[in-house]
Amino acid sequence: MSPDAAASKGTVRILQLYPRDMNIYGDWGNVLVLKQRLAWHGYDAVILEHNAGDDFPADVDILIGGGGQDSGQVVIQQDLQSNAARLRALAEDGTPMLAICGLYQLFGRFFKTHDGTVIPGIGILDIETHGGDARLIGNVVARSEEFGDIHGYENHSGQTFLGPDVRPLATVSKGEGNNAKEDHEGARHLNIVASYLHGSLLPKNPAIADFLIREAVTRKYGSFEPGTIDDSIAELARRHAAARPR
Ligand code: GLN
């Protein structure tokens, strides 16, 4: 029997939050990476979408959401608030989540935009974000003990400050990350990975993709049996990314 015909080890349901309004700089690629790596590990993926106004699906194993313009964040804010308790319960129950840039900001307490508009967040992460006139733009390399070097691209006006209940995802060695004053990037809390980095993030950072997959599968099936994956192309992309100018 060819490996492709091997029996599935299980099914993982991935929910993409607000792809219509929050999905820039290739963030959609994160979902494709999860789907492909799940297949390589021997699991099936079901991709679900939740946009503002939709019913929230039951039985989700991984939540993932991308960045957006300030205007997109305004569009989704009410729906996000109406699902805040559900999202908090999922997070506290250990559901792995990836929140990029605009959604990262709204997982926090609030985002005060550069024109003074306050977009309330859902407070799952102990962070707050203040918009400024200068945008933080360019390639980023950040070091993480958990995931190794993290490569990506940032473009945001919001500057995020972490409270005591979250820890940084990584320490920036190129670029700005959370804000222009401190040298950290992103946030880690429960099984949530939050980051300013687009690119998209997961193709060049398979360790983060496998973390989300491992946690989801273990939570659902009690254990995770990884497949053997040839990551030579991801490694090549990481080397190129590391050599890119800011
Ligand atoms: N609109 C937000 C900001 O500018 C988020 C941007 C993004 O998601 N790239 O800070």
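Criteria and thresholds
Residues numbered from 1 in each chain as written. Predicted model: local features only at pLDDT ≥ 70, side-chain atom pairs only at ≥ 80, totals over all residues. Heavy atoms only, no water. Axes fitted to C-alpha atoms, helices over the stretch in contact; angles between N-to-C directions. Helix = DSSP H or I, 4+ residues; strand = E, 2+ residues; numbered from the N terminus. Parallel < 35°, antiparallel > 145°, perpendicular 65-115°, else oblique. Left-handed = near helix turned anticlockwise from the far one by under 90°. Contact = heavy atoms within 4.5 Å. Nonpolar A, V, L, I, M, F, W, Y, C, P; charged D, E, K, R; others polar. UniProt positions renumbered as here; feature names shortened; annotations may be inferred. Buried < 20%, exposed > 50% of the residue type's maximum accessible area, 1.4 Å probe, protein only. Polar contact = N/O pair within 3.5 Å; in protein donor to acceptor, adjacent residues only side chain to side chain. Salt bridge = Lys/Arg side-chain N within 4 Å of Asp/Glu carboxyl O. Near = heavy atom within 4 Å. Areas by Shrake-Rupley, 256 points an atom, 1.4 Å probe, with all protein chains shown as cover. Phe/Tyr/Trp six-rings, centres within 6.5 Å; stacked < 30°, edge-to-face > 60°.

A. View of the packing of helix 1 (residues 29-41) against helix 6 (residues 206-221). Orientation of helix 1 relative to helix 6, taken along the N-to-C sense of each, is 70°, at an axis distance of 10 Å. The angle between helix 1 and helix 6 places the two elements in the roughly perpendicular class. In the crossing of helix 1 with helix 6, the sense of the turn from one axis to the other is right-handed. Contacts between helix 1 and helix 6 involve V33, L34, R37, L38 and H41 on the former and, on the latter, P206, A209, D210, L212 and I213. Partitioned by chemical class, the residues of the contact of helix 1 with helix 6 number seven nonpolar, one polar and two charged.

B. Expanded view of the UniProt feature "active site" (unreviewed entry) in the protein. Here, the residues flagged by UniProt with the feature "active site" (unreviewed entry) are C101 and H198. Taking the farthest pair of C-alpha atoms as the criterion, the annotated set spanning 98 residues converges on one region, since that pair is 7.8 Å apart. Following the sequence through the fold, C101 ends up in helix 4 (residues 101-106). Contact partners of C101, with chain neighbours within four places excluded, come to G67, N155, H156, S195, Y196 and H198. Residue H198 is classed as buried on the basis of its relative accessible area, which comes to 0%.

C. Structural view of the UniProt feature "binding site: substrate" (unreviewed entry) in the protein. Here the UniProt-annotated "binding site: substrate" (unreviewed entry) positions come out as R135. Assignment of secondary structure puts R135 in strand 7 (residues 127-144). Leave out the neighbours within four places in its chain, and R135 touches N155, H156 and S157. At 2.8 Å, the side chain of R135 forms a polar contact with the side chain of N155.

D. Up close: the pattern of salt bridges. One pass over the structure, following the stated rule, counts 11 salt bridges. R20 serves as the salt-bridge partner of D21, at 3.8 Å between the closest nitrogen and oxygen. Judged by its relative accessible area of 56%, R20 falls in the exposed class. Residue R219 is joined to D93 by a salt bridge in which the shortest nitrogen-to-oxygen separation is 2.7 Å. Of this pair, R219 sits in helix 6 while D93 sits in the loop between helix 3 (84-92) and strand 4 (97-100), and the two are 126 residues apart along the sequence. A residue is classified by how much of its surface remains accessible, and R219, at 33% relative accessible area, is partly exposed. In this structure, a network of salt bridges that share partners links the residues R37, D210 and D231.

E. The site of the ligand, seen in detail. Around the ligand, the structure places 17 residues, and the nearest of them are G68, D70, Q73, C101 and G158. N155 places a polar main-chain atom, nitrogen or oxygen, 2.9 Å from a nitrogen atom of the ligand. The backbone of G158 places a nitrogen or oxygen atom 2.8 Å from an oxygen atom of the ligand. When the ligand sits alone it has 300 Å² of accessible area, and the protein chains cover 98% of it. Of all the elements in the fold, those that place two or more residues in the shell around the ligand are helix 2 (70-82), helix 4 and strand 8 (148-162). Ranked by residue count, the leading element in the shell around the ligand is strand 8, at four residues. Looking at side-chain class alone, the shell around the ligand contains four nonpolar, 11 polar and two charged residues.

F. Quick peek at the packing of aromatic side chains. For the coordinates displayed, the defined rule picks out four aromatic pairs. Ring geometry for Y104 and Y196: centres 5.2 Å apart, planes at 70°, overall edge-to-face. Highlighted residues: Y104 in helix 4 and Y196 in the loop between strand 11 (192-195) and helix 5 (201-204), separated in sequence by 92 residues. Take Y104 and Y196: they sit in the same class, and that class is buried. Here the aromatic rings of F147 and F211 are separated by 5.5 Å at their centres, their planes lie at 70°, and the arrangement is edge-to-face. You can see F147 sitting in the loop between strand 7 and strand 8 and its partner F211 sitting in helix 6, a full 64 residues away along the chain.

G. Fine view of the side chain of H50. The residue H50 is located in strand 2 (residues 44-50) in this model. Within the local environment of H50, its side chain forms a polar contact with the side chain of D79, the two groups lying 2.7 Å apart. Among residues more than four places away in sequence, those in contact with H50 are L15, Q16, L17, Y18, P19, D55, F56, P57, D79 and N83.

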